[in-house]
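# Geometric and topological summary
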Amino acid sequence: MIGVELSKLFRRPRTWLTLVLLDALPTVVAILLATTHLGPRPGQGPAFLSAVLTNGSLFAVAALAIVLPLFLPIAVAVVAGETVAGEAQSGTLRYLLIRPIGRTKLLVAKLISVFSFVMAAVVLVAGTGFVVGRLLLGHQPLSAAVSSVSGSQLTPAQIAFRTLLAVGYVGVSMLGVAAMALFLSTLTDSAQSATLGALAFLIGSSLLLTLDAATSLQPYLPTRYWLSFVDLFRDPMLLRNVERGIGLQAVYVAILLGAAWANFVTKDIKS
Amino acid sequence: MRRRWRWLVLLAAVALVTSLPSVVGAVRDSLGVSARPISAAQLRLKILQSANLAYSGYAEAVGGLALPVTGNQFTSVSDLLGGRSQLRVWWRARDDWRVDQINLVGETDVRAGATGTWTWNYESNLAIFDLNPAAPQVRLPVAGDLLPPELGRRLLSQATPDELTTLFPRRIAGHTATGLRLKPSDPQTTIDSVDVWADQSTGIPVRVDIHASGSANPAMTTAFLDFSTAKPTASTTAFSPPRGARTEISERNGLTDVINRFGDAESPPTLNGVRRNSLLPGVGAIGVYGRGVTEFIAAPLPGRTARSLRNQLTNAPGVAKSPSGLSVSVGPLSLLLTGPAGQGRTWLLIGTVSDKALVTAAVELARYRSAG
């Protein structure tokens, strides 16, 4: 069942188109930086974008910072919003459930395919960022030390390790969006509605993060700790917000998937 | 019914998950909290004597004291006092420490060593070395001043025993902290109280709350969220500029130096019946009046600085115009820029005293300069 769902997801041209578009933005940014050599001013622009002008290896994490606020969650919401509602919309959900498998198993299979997409997207963005960064930006040798955010020197092995941690963390950060879109996907027969609902959830969270009046709510907002992967590149690493970010995503995932399960296993399938 | 039990299970799980942190926190905070008999004066002494003890941690300072002035060095001060500052600190000794002010995409670090102080800004890729680590007695606030140990000791430095009471201990950042409440006795003060919570075993302040008169919420709070009394390693505080970074030697031309050099006036020995602070005598043109948490500063501004400040205050919301000048109050902070423009020397008066006290001081300054 899981294999079927995975193969269905990755055989769709639109899945690959989404991944290509996701990679296109950081690639365009790298080309612009390489041709103009103009980094953002201090305090402006995505994280690490100034640093990549001297060391292209860091463009792997800069690429994540570029797509994280908007493009990555949109891609995840589109794919996750389609999981159940897309089947209902195209009239295949009823036939899918005729097969001798439980609805819980089907939901788990959908879930694993969405999580696989999330991790594939994050790894691809970081991988493309690394290759593009090495080819176009900051031609320091791979063996050269890289400055941490705190100004100390990190060895290539340390940078590689922290980049892997950042990739994993960004992937985990997207699971909350995926779970929300999946839950909404079980509520409606329209994939677009599920996607837009998940995006509205994120926009609401991002808006509340800018309001001083919402300070007491902010530690519980799903987007609160998204950019905390930057803390992995401080010296010593600051794990406080990273730990909270992982914990918060785990709670959102558990609750939203629980809601998706509670709704889907007893839902009347009409299409 | 079949539908309903699943939702009930989910609701129960949500209730459990959302209440768990506060339940665990409440249980953890109630454990190990016991009051040790100590007088307010003893506790103050213990806090002041903790200045040489090592510690490290992560602190957050939240202020509501954003004055409506920007430009030059005012913007950073306004952000510091009016926003949320995230600070990491490693303190080994008075001349060996590191304070990082972090933000979402970078950080600004200050590292003090025996030979001087490095300031590192990641986003600018810039390291500035200050050969003279001795800070001037009067200067604009910096991030390190908001650390609970620094702010707590500063606020308690001139408190008298009759202004102090102890508070029941509480848990802060995993440590039992004993509280000390300072209620200033000066009738002109705009500070209602200052609560300083210090680690029970070492006396290092771990939380400070400043309450303005007539306000329920603190005007400023700074507290450790992670705290350790273990001595940090020397490598944590050491610094050498990374390869490819720009480096500069500081020329130390801060605003207070400019005022001292170009202010063209000397503050009088007393203002509004208040003497210059005996602990801060050598600040040249700038006068610091009062004691402890009830203080105000009188600074003669050079023409260009005065014009810039006047233009900003004229257009800022909440600023009142009077014959004495332009005045504004933010929380317990009162500011008065004497005026009007083009009529003699301009003085900046700012402090934790009432507007009325600053107006009286402005009138005395006008007489003082006429007599001088």
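All values reported here derive from a predicted model rather than from experimental measurement. (Residues numbered from 1 in each chain as written. Chains lettered and ligands numbered in written order. Predicted model: local features only at pLDDT ≥ 70, side-chain atom pairs only at ≥ 80, totals over all residues. Heavy atoms only, no water.)

### Some remarks on the overall build of chain B
What chain B contains, in helices and strands, is eight helices and 20 strands. A buried classification covers 49% of the 372 residues belonging to chain B. Within chain B, counting contacts between residues at least 6 apart in sequence, those at least 24 apart form 56% of the total. When the accessible surface of chain B is summed, it comes to about 17600 Å², and 56% of that surface belongs to carbon and sulfur atoms. (Helix = DSSP H or I, 4+ residues; strand = E, 2+ residues; numbered from the N terminus. Buried < 20%, exposed > 50% of the residue type's maximum accessible area, 1.4 Å probe, protein only. Contact = heavy atoms within 4.5 Å. Areas by Shrake-Rupley, 256 points an atom, 1.4 Å probe, with all protein chains shown as cover.)

### Points about the overall build of chain A
Summing up its helical and strand segments, chain A has ten helices and two strands in all. Put simply, chain A runs from its N terminus to its C terminus through helices and strands in the order α-α-α-α-α-α-α-β-β-α-α-α. For a compact globule of 271 residues, the expected C-alpha radius of gyration is about 18 Å, and chain A comes in at 20 Å, within 12% of that figure. On the principal axes, the C-alpha backbone points of chain A span a range of 60 × 45 × 30 Å. Sequence-distant contacts, at least 24 apart, represent 74% of the contacts inside chain A between residues at least 6 apart. Accessible surface, chain A as shown: approximately 11500 Å² in total, 71% of it carbon and sulfur. Positive and negative side-chain charges of chain A, numbering 18 and 10 respectively, have mean locations separated by a distance of 4 Å. (Rg over C-alpha atoms; globule rule 2.2 N^0.38 Å. Lys, Arg positive; Asp, Glu negative; His and termini not counted. Charge placed at Lys NZ, Arg CZ, Asp CG, Glu CD.)

### Details of the interface of chain A and chain B
Listed per partner, the contact involves 39 residues of chain A and 34 residues of chain B. Together, the buried faces of chain A and chain B total about 2800 Å²; carbon and sulfur atoms form 56% of this surface. For the chain A face of the interface with chain B, the top three residues by lost area are A:Arg234, A:Arg240 and A:Thr266, together amounting to 19%. Seen at the junction of chain A and chain B, the total is two salt bridges. The salt bridge involving B:Asp226 is made with A:Arg240; its shortest N-O contact spans 3.3 Å. (Buried area = accessible area lost by both parts, 1.4 Å probe. Salt bridge = Lys/Arg side-chain N within 4 Å of Asp/Glu carboxyl O.)

### Thoughts on the domain arrangement of chain B
Residues and elements named next belong to chain B. Examined at the domain level, chain B breaks down into domain 1 (40-249) and domain 2 (255-371). Put simply, the middle of domain 1 and the middle of domain 2, counted by C-alpha atoms, are 25 Å apart. The partner domain 2 presents 35 residues to the 31 residues of domain 1 that form the contact. Taking both partners together, domain 1 and domain 2 bury about 2700 Å²; carbon and sulfur atoms supply 64% of that area. For Glu295, the salt bridge goes to Arg154, with nearest N and O atoms at 3.0 Å. In this assembly, domain 1 and domain 2 are joined by ten residue pairs in polar contact (both at pLDDT 80 or more). (Domains from an automatic or database assignment. Polar contact = N/O pair within 3.5 Å; in protein donor to acceptor, adjacent residues only side chain to side chain.)

### Brief notes about the nonpolar core
All names here are of chain A. Ranked by size, the top nonpolar core spans 91 residues in total, and within it Phe48, Phe59, Leu72 and Phe229 carry the most contacts. Counting residues per element, this core draws most heavily on helix H8 (residues 156-187), at 15 residues. Discounting chain neighbours no more than four positions away, the residues touching Leu72 are Leu22, Val67, Ala121, Val122, Val170 and Met174. (Core = buried A, V, L, I, M, F, W, Y, C linked by side-chain atoms within 4.5 Å.)

### Structural notes on the sheet that holds strand S4 (residues 107-112) of chain B
What holds strands together in a sheet is hydrogen bonding between their backbones, with the strands either parallel or antiparallel. All names here are of chain B. The strand order across the open sheet formed by twelve strands is S7-S8-S9-S10-S11-S1-S2-S3-S4-S5-S6-S12, and the pairing between neighbours is mixed. Bordering the open sheet on either side are strand S7 (164-172) and strand S12 (246-249), each of which pairs with just one other strand. Direction aside, the axes of adjacent strands within the sheet are offset by 15° on average. Sheet topology note: the strand S8 (residues 175-182)/strand S9 (residues 191-199) ladder contains six bridges and is antiparallel. Within the sheet, the bridge partner assigned to Thr178 lies in S9 and is Ala198. (Pairing = 2+ DSSP bridges. Axes fitted to C-alpha atoms, helices over the stretch in contact; angles between N-to-C directions.)

### Regarding the sheet that holds strand S20 (residues 346-351) of chain B
Residue and element names in this part refer to chain B. A sheet is described by the order of its strands in space; here six strands give the open sequence S15-S16-S20-S19-S18-S17, paired in antiparallel fashion. Of all the strands in the sheet, just strand S15 (287-291) and strand S17 (320-322) have a single pairing partner and so form its edges. Here the strands of the sheet are splayed against their neighbours by 15° on average, with no regard to which way each runs. As judged from the three bridges shared by S17 and strand S18 (residues 325-330), these two strands associate in the antiparallel manner. Considered in S18, the bridge of Lys321 is made with Leu326. Against the sheet, helix H7 (residues 303-315) touches strand S16 (294-301), S17, S18, strand S19 (333-338) and S20, its axis set at about 120° to S19.

### Points about the packing of aromatic side chains
If you walk through the whole model with that rule in mind, you get 15 aromatic pairs over all chains. Taken together, a centroid distance of 6.1 Å and an interplanar angle of 75° make the contact between A:Trp261 and B:Trp5 edge-to-face. With A:Trp261 in helix H10 (residues 240-264) and B:Trp5 in helix H1 (residues 2-30), this pair bridges two chains. Classification of A:Trp261 as partly exposed rests on a relative accessible area of 25%. (Phe/Tyr/Trp six-rings, centres within 6.5 Å; stacked < 30°, edge-to-face > 60°.)

### Observations concerning the pattern of salt bridges
Enumeration according to the criterion identifies 19 salt bridges over all chains in this entry. Taking the shortest distance from any N to any O, the salt bridge between B:Asp96 and B:Arg92 comes out at 2.7 Å. Here B:Asp195 makes a salt bridge to B:Arg181, at a shortest N to O gap of 2.7 Å. Of the two residues, B:Asp195 is situated in strand S9 and B:Arg181 in strand S8; the sequence distance between them amounts to 14 residues. Each of A:Glu5, A:Lys8 and A:Lys110 takes part in one network of salt bridges that share partners.

### Overview of the confidence of the model for chain A
Looking at chain A as a whole, its pLDDT mean stands at 88, while 97% of the residues score no less than 70. Here helix H6 (residues 93-98) of chain A stands out as the least confident element of chain A, with mean pLDDT 72; H8(A) is the most confident, with 94. (pLDDT = per-residue confidence, 0-100.)

### Focus: the pairing of strand S3 (residues 96-102) of chain B
The buried fraction of S3(B) is high, at six of seven residues. Between strand S2 (residues 84-93) of chain B and S3(B), which follow one another and run antiparallel, lie two residues.

### Some remarks on the side chain of A:Asn55
All names here are of chain A. For Asn55, the location among the structural elements is in the loop between helix H2 (13-36) and helix H3 (59-67). For Asn55, a relative accessible area of 4% gives the class buried. Not counting chain neighbours up to four residues away, the residues in contact with Asn55 comprise Arg134, Gly138, Gln140, Ala145 and Val146.

### Notes on H3(A)
Counting buried positions over the nine residues of H3(A) gives nine, a clear majority of the element. The secondary structure elements touched by the buried residues of H3(A) are H2, helix H4 (71-82), helix H7 (103-136) and H8 of chain A.

### Quick notes on the environment of B:Asn315
Residues and elements named next belong to chain B. With respect to the secondary-structure elements, Asn315 resides in helix H7. Of the residues examined, Asn315 reaches a relative accessible area of 67% and is grouped as exposed. It is 9.4 Å that separates the C-alpha atoms of Asn315 and Pro68, two residues lying 247 residues apart in sequence. A polar atom in the side chain of Asn315 sits 3.1 Å from the backbone oxygen of Asn311.

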